[in-house]
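# Fold and contact review
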Amino acid sequence: MNRYTLHETFIVHKYVVDEWEIQPSDHNYFEIIFVEKGFGYHTINNVRFPYKENDIFLLAPEDTHHFEIEKRSSFTYFKFTELLFSSKINLPDRKFWLQRIEQLLHHPNIIPGDVICHEADRSIIWDIHNLVLEEFKSEKVYYQEIISNAISTALSIIVRNISEKYNSNQKNVPVNSAKIDLILSHIRQHVYDNDLTKISFLSNKFNMSQSSISTYFKRKTGESIHQYVTKYKMKLVEYRLQHSEFTIAEIAYQLGYTDESHLTKTFKKHFSMSPKQYRKELAFSE
């Protein structure tokens, strides 16, 4: 079952193989990979780990991966872009969805491997898998909306499991081990809430004084915490200008700016044009 539909924003691939002949490669899609049968090893971004029947993997754009198959294996891939959730398809809460997709897009694959830690959630994801396949095959009325909302639900469950796995692993990390990665990950995850990215909050969370964490962050990244948060927010603003129909004022509110003018002033410093001009440039180039 290899075919393009939904204007090429959602693709289903099925593979039944004894040996993986596809070379490691990157891609432009998000991919949910379902292991229906078999076992072996899966390598994502040079991290190798075993896989088995019923495992579920998530790949973000620019991830690389390949399988080493020890027993004949069957995989189903759901490949999709953020356009699956565009305004042309009815998604209940687009702001919430954008936060989820941005977390996946800009968050490194810290915990590679099967993404599910709760078996009840695994059963739900597999039920969604079956629903999506049926809708994809039949193309009944409203099938696009059903697939869009089903994938949104699946990804929300996956993000919940990844977050829980990551937070659980954090408890076992030595105090000075990769602390900068933990700080950066926290900022990316909570960038929508200004209070959770303040130096005062970060210093308490990571058991450092405000001056120490500021100096440490600057030494490790070459930027102040404020500079990093601002640059990261600008990435999200740019992404929303490209992939949503939110007004500038709505984007400002979503990302914690006091008003549209504050966002516009900051955006101009980074892109040498206003958000409105940036959007006009995008429309002109299409």
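Structure: see above.
Counting restarts for each chain: residues are numbered from 1 in the order of the written sequence. Residue-level local features of this predicted model are given only where pLDDT is at least 70; pairs of side-chain atoms are given and counted only at 80 or more, and the full residue set underlies all totals for whole chains, interfaces and linings. Water and hydrogen atoms were dropped before computing side-chain values, which therefore reflect all heavy atoms in the structure.

With that settled, consider a nonpolar patch on the surface. Excluding any residue in a salt bridge, patches collect residues exceeding 30% relative accessible area, merging like charges within 9 Å and nonpolar Val, Leu, Ile, Met, Phe, Trp and Tyr side chains within 5 Å. For accessible areas, the Shrake-Rupley method is used with a probe of radius 1.4 Å. Any residue's cover is judged against the shown protein chains and nothing else. By definition, a salt bridge exists where a carboxyl oxygen of Asp or Glu is found within 4 Å of a side-chain nitrogen of Lys or Arg. Taken together, the side chains of Leu-131, Val-141, Tyr-142 and Ile-146 present a nonpolar region at the surface, about 400 Å² in accessible area. Note on placement: Leu-131 falls in helix α2 (residues 119-138). Only DSSP runs of H or I reaching four residues or more are called helices, and only runs of E reaching two or more are called strands; each is numbered from the N terminus.

In this fold, Leu-155 is placed in helix α3 (residues 143-170). Think of it in three bands: residues with accessible area under 20% of the maximum for their type are buried, residues over 50% are exposed, and the middle band is partly exposed, with areas taken using a 1.4 Å probe on protein chains only. Overall, Leu-155 belongs to the buried group, its relative accessible area being 0%. Residues Leu-155 and Leu-58, 97 residues apart in the sequence, show an inter-C-alpha distance of 9.0 Å.

Turning our eyes to something else, we now look at the nonpolar core. Working definition of a nonpolar core: buried Ala, Val, Leu, Ile, Met, Phe, Trp, Tyr and Cys residues. They are joined through side-chain atoms within 4.5 Å. Counting residues in each nonpolar core, the largest one holds 30 residues, and the members touching the most others are Ile-187, Phe-217, Val-237 and Leu-263. Breaking this core down by element, the ones donating at least two residues are α4 (179-189), α6 (210-221), α7 (225-243), α8 (248-254) and α9 (260-271). For this core, the leading source of residues is α7, giving 8 residues. Dropping the residues within four chain positions of it, Phe-217 is found in contact with Ile-180, Ile-183, Leu-184, Ile-187, Gly-222, Glu-223, Ser-224, Ile-225 and Tyr-228. Any two residues whose heavy atoms approach within 4.5 Å are treated as being in contact.

In short, shape yes, function no, at least from these values alone.
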